[in-house]
Structure formats: structure tokens, C-alpha cells
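Spelled out, the chains give:
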Amino acid sequence: MISAFRKQFNDNYSPEKYQRFLAMLDEMCLTHIQFRPCETPMFLPEALVKTLEKSSVEIIAQLMNNSAYLKKSADAIPDKYNVPNETPHPLFLQIDFGLVDDGAGNIIPKLIELQAFASMYMYQVAMVETYKKAYQLDARLSPFFGALEMEEYLAIMRKAFLGEHSAENVVLMEIEPYKQKTLPDFLLTQHYFDITPVDISSIKKEGKKLFYQRNGKWTPIHRIYNRTIVDELERKNIIPPFDFRDELEVEWADHPNWFFRISKFSIPYLQHPSVPQSIFLNEIKTLPDDLHNYVLKPLFSFAGAGVIVEPTYEDVMCIAENEKANFILQEKVTYKPVVETPFGGTKAEVRCMFVWQEKLMPVLFLVRMGRGKQMGVDFNKNMEWVGSSAGLYFRE
């Protein structure tokens, strides 16, 4: 979107450079990337970066400062996944915006989703470094908010992941982590912080304590960097070796309750210029005539699963009455193709990634590009100049 950087990148691009980028990225991530990295990063104007940050902070504040909402959001936590000793606020927050035209030729963000859950914190910095090296980009282009630099970022993430514990007593907990597409992020987290990716089913419980196998011996777990998605546990009918409701002698990073409290469940409660109209399906008395201008979303799916763009009357009516509270109907966001590519304009979605320790702190961007109906990799197959990307902006 910074025209000078975009023109320079496109003029100097070649398929050979992209292949070199992919090879370097695989090497840096210690494994082959199973999803599609985009040929290009996105060059974000500083004014848009400031708008993204301001909108994100205002949206988070609107929820976290609303005691009535916080009380109501407890209803979003399923009984069997209501974990005791909830923290006062989430540790990780992701705010996703689509980039749209405001009607006057200006590009503005519109909220797509938000989630209090971890994201690709370590993969994104590796991706940025690889873009810069492979394409010899200007060193002053930054993926970080504000004046943040890599050394400080790593210190922030070390504290977020490890807390006050030794690495041997912290695990990255996931369902079969070595089979997940997010494995590159897990391996980089292990590389930087010595945190072992652990399958939730392999953990052992003794009384209030949890253990995992490290170097052939059972090792106590004092802190869990949680990457386990409840939706996947349910779909695969996995029964963990501990009950989430147990009073366990462990810390959570992030506490699992926040995954439900700050989520698609939150969107109908927001009143903000960047938030499209959204309403719980069970609260709709008459469906709008222009359903094609809406998106039907299940509250607690992940990576776009179950989302129906331009739903039909039949799509809505086939949802059982007792399930309608678990869906929202959201005004469709019409993305503006903002990235010039050899295949025409490409749409972009920008994730603002936060860490909340002593204070709420925006740290990093994640970008998805696409020309399909949704931004997920699965919706942009057999296309070029789409996929997982990074946001860079110019800092003087």
C-alpha cells in the first residue's frame, strides 16, 4: 500500500526469488511450511498502522471495562471447560480487520474477528526476517508496533511464555503438535525458549500435579502455554488425562476461559465505527431480505470452519433452535483489493497481535492475502500472490 515500496518490490520480483524465499523460510522454521506463504509482504502506511492500533485498543477497552459484559460473557464458557483461577485479563489478544473502502477513497479497517488466544508470535518474526533477506528489503521496514525492536520483543515473549519458571517446567500444549500446520511456530518457540511441544493426551496427572516426558523422565509442569483448541478436542472426541475443571497446580498462558470470553461472542456487544452490525441468531425475529450481504458464523469454530458467506434462508433455518444462540449473523465486510500484484488487486486482512502483561501492548502484525470469498488458505487454493504474509511499515 506504500506505492514506492510496492512498485520497487513488484519490479524486482522473480519466481526464482520466491523459491529462494520459501527454501530460506523452511530452513529458518526447521520444518517444511504446510500452508501457502504469500510471495510478498504488505507495506502498511503509518497512518493505517495508527488507526489499526487505536481501533484495537478501543475495542478491547470497551469489553474489558464493561462489568455487565464480563458478567454476561461467563455464559459463553462451556461448563466442562470452565477452568478455575481465572486471570483478571487475557495474556494474548488477536484483533482481525479487513481493509475496506470508506466510500471516499480512504482505506479503513473493519473488524472481522477477535480472540483471546495465542497466535503465530514466533513464526511471524521469522517470516519477516526471511522476506527481508530473500528480497533485500529496506532494513528500516518494521513488523512491530511503536518503537519495539526484536531484542525487546523476545524479552516480552519469554516472560509471556515462561512466566517465572524454568523452561523444563513449561510446555506448549496442543493436540498432536507435530501434525499441526502451525508446527513451524511451535518449533521456533522451542528454538528460542526451550519450550517443548507436548500432545495433551501424553500428559500424566497425579493429584493436583501434571507431568510430561522430557529426556526420558517424567517432569513436573508448572506452566502451560496453551495452544489447544476446544473445538478440535470435541471434533476428535479426545478426552484429556485431566479435567479442565480440576484445581491443578499449574499456571496457564493464556487462561483458557478467555478464549470464550473474548471471541465472536463479543462482537454483538460492541459499538464502534470499525465493527460491522452483528446479532445473535436466536435474537433475530425476522431474517433480513438481503441475506447475501451477511455472513453466518458459529461462535467457537477456528480458522474459518463452519462460516457461511452469503447464507441462504435454508442455511439459517436448518440450524436447530437450541443451537441458534451459538451463531451470529454479521454484516458482510467487502474487502477492497489493496495490494497490486501481477494477477490484479489482492485483498488483505490484518491481525493486530497483543500481549497483556503489566499493560496491554500491541506487538506485531499478521497478514493474510486472498482473492477468494474468505481469507483462509483453504479458500484461496490454486492462486498465486495469496496466503500467509506479514505487515511492514516504514519507521523513520
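Residues numbered from 1 in each chain as written. Predicted model: local features only at pLDDT ≥ 70, side-chain atom pairs only at ≥ 80, totals over all residues. Heavy atoms only, no water.

J.: Residues and numbers for the environment of Pro298, please.
T.: With respect to the element layout, Pro298 can be found in strand E13 (residues 294–298). The sequence separation of Pro298 and Phe394 amounts to 96 residues, and the corresponding C-alpha distance is 37 Å. (Helix = DSSP H or I, 4+ residues; strand = E, 2+ residues; numbered from the N terminus.)

J.: Can you break down the packing of helix H5 (residues 121–135) against helix H6 (residues 150–162) residue by residue, with the values?
T.: Where H5 contacts H6, the axes come no closer than 11 Å and their chain directions differ by 160 degrees. By the angle class used here, H5 and H6 are roughly antiparallel. Here H5 runs over H6; the crossing is left-handed. The residues of H6 that touch H5, namely those facing Tyr121, Met122 and Val125, are Met150, Tyr153, Leu154, Met157 and Phe161. Looking at the contact of H5 with H6 residue by residue, the classes come out as eight nonpolar, no polar and no charged. (Axes fitted to C-alpha atoms, helices over the stretch in contact; angles between N-to-C directions. Parallel < 35°, antiparallel > 145°, perpendicular 65-115°, else oblique. Left-handed = near helix turned anticlockwise from the far one by under 90°. Contact = heavy atoms within 4.5 Å. Nonpolar A, V, L, I, M, F, W, Y, C, P; charged D, E, K, R; others polar.)

J.: I'd like a rundown of the packing of aromatic side chains, residues and numbers included.
T.: Each aromatic ring pair is characterised by the separation of its centres together with the angle its planes make. Counted under the stated rule, the structure contains 32 aromatic pairs. Ring centres of Tyr269 and Phe280 lie 5.7 Å apart, and the angle between their planes is 65 degrees; this geometry places the pair in the edge-to-face category. Here the residue Tyr269 occupies a position in the loop between helix H9 (257–261) and strand E12 (278–280), and Phe280 occupies one in strand E12, the gap between them amounting to 11 residues. With relative accessibility at 30%, the residue Tyr269 sits in the partly exposed group. The buried category is assigned to Phe280, whose relative accessible area is 5%. One aromatic cluster is present, built from ring pairs that chain together Phe5, Phe9, Tyr13, Tyr18, Phe21, Phe43, Tyr131, Tyr135, Trp385 and Phe394. Taking NZ or CZ as reference, Lys204 lies 5.9 Å from the ring centre of Phe211, over its face. (Phe/Tyr/Trp six-rings, centres within 6.5 Å; stacked < 30°, edge-to-face > 60°. Buried < 20%, exposed > 50% of the residue type's maximum accessible area, 1.4 Å probe, protein only. Lys NZ or Arg CZ within 6 Å of the ring centre and 35° of its normal.)

J.: Break down H5 for me, with residues and values.
T.: An ideal rise of 1.5 Å per residue puts 21 Å on 15 residues; H5 measures up with 22 Å between its terminal C-alpha atoms. Burial runs high along H5: 13 of the 15 residues are buried. Directly after H5, the chain includes Gln136, whose backbone phi takes a positive value near 50 degrees. (Expected span 1.5 Å × (residues − 1).)

J.: Could you give an account of the nonpolar core, naming the residues involved and the relevant values?
T.: Core analysis: the largest hydrophobic core is formed by 119 residues, its most contacted members being Met42, Phe92, Tyr121, Tyr153 and Met157. With 10 residues, H5 is the single largest residue contributor to this core. Leu281, Ile284, Leu291 and Phe327 belong to the second largest nonpolar core, which has 10 residues in total. (Core = buried A, V, L, I, M, F, W, Y, C linked by side-chain atoms within 4.5 Å.)

J.: Give me the packing of H6 against helix H7 (residues 183–193): which residues, what numbers.
T.: Contact geometry for H6 and H7: axes closest at 11 Å, N-to-C directions at 100 degrees. Of the possible angle classes, the one that applies to H6 and H7 is roughly perpendicular. Of the residues in H7, those in contact with Met150, Leu154, Met157, Arg158, Phe161 and Leu162 of H6 are Thr189, Tyr192 and Phe193. Tallied by class, residues from the contact of H6 with H7 come to seven nonpolar, one polar and one charged.

J.: Break down the pairing of strand E3 (residues 107–115) for me, with residues and values.
T.: Bridge count between strand E2 (residues 92–101) and E3: eight bridges; the pairing is antiparallel. Residue pairing across strands places Asp96 opposite Glu113, the latter belonging to E3. Between E2 and E3, which pair antiparallel and follow one another directly, the connecting turn spans five residues, one of which, Gly103, has a positive phi of 95 degrees. (Pairing = 2+ DSSP bridges.)

J.: Would you mind going over the pattern of salt bridges in detail, with residue names and values included?
T.: On inspection of all chains with the given rule, the structure shows 25 salt bridges. Two residues, Arg261 and Glu86, come together in a salt bridge whose shortest N-O distance is 2.9 Å. With Arg261 in helix H9 and Glu86 in the loop between helix H4 (67–73) and E2, this pair connects stretches of sequence that are 175 residues apart. Overall, the relative accessible area of 10% leaves Arg261 in the buried class. Of the residues examined, Glu86 reaches a relative accessible area of 30% and is grouped as partly exposed. Across the pair Asp194 and Arg214 runs a salt bridge whose closest N-O atoms are separated by 2.7 Å. (Salt bridge = Lys/Arg side-chain N within 4 Å of Asp/Glu carboxyl O.)

J.: An account of empty space enclosed by the protein is needed here, citing residue identities and associated values.
T.: Under the criterion given, the structure shown has one cavity of 30 Å³ or more. Phe117, Asn226, Thr228, Val230, Phe244, Pro256, Phe259 and Phe260 are the residues that line the largest cavity. Broken down by class, the residue content of the lining of the largest cavity amounts to six nonpolar, two polar and no charged. (1 Å grid on protein atoms, 1.4 Å probe; cavity = no way out; pocket = protein on both sides within 12 Å on 5 of 7 lines; lining within 4 Å. Points joined across faces, edges and corners; volume = space filled by probe spheres on them.)

J.: Kindly report on the layout of surface pockets, identifying the contributing residues and their values.
T.: Size it by volume and the second largest pocket reaches roughly 420 Å³. Looking at the second largest pocket, it is lined by 25 residues, and the ones nearest its centre are Thr87, Arg223, Glu251, Trp252 and His255. Of all the elements in the fold, those that place two or more residues in the lining of the second largest pocket are H6 and strand E11 (251–253). The class makeup of the residues in the lining of the second largest pocket is 11 nonpolar, seven polar and seven charged.

J.: I'd like a description of the sheet that holds E13, backed by residues and values.
T.: Read from one edge to the other, the open sheet built from four strands follows the order E12-E15-E13-E14, with strand pairing classed as antiparallel. The sheet is open, and its two borders are formed by E12 and strand E14 (308–309), each paired with just one other strand. Two strands pair when backbone bridges link them, and E13 and E14 are joined in this way by two bridges, in the antiparallel orientation. By the bridge assignment, Val295 is partnered in E14 with Val309.

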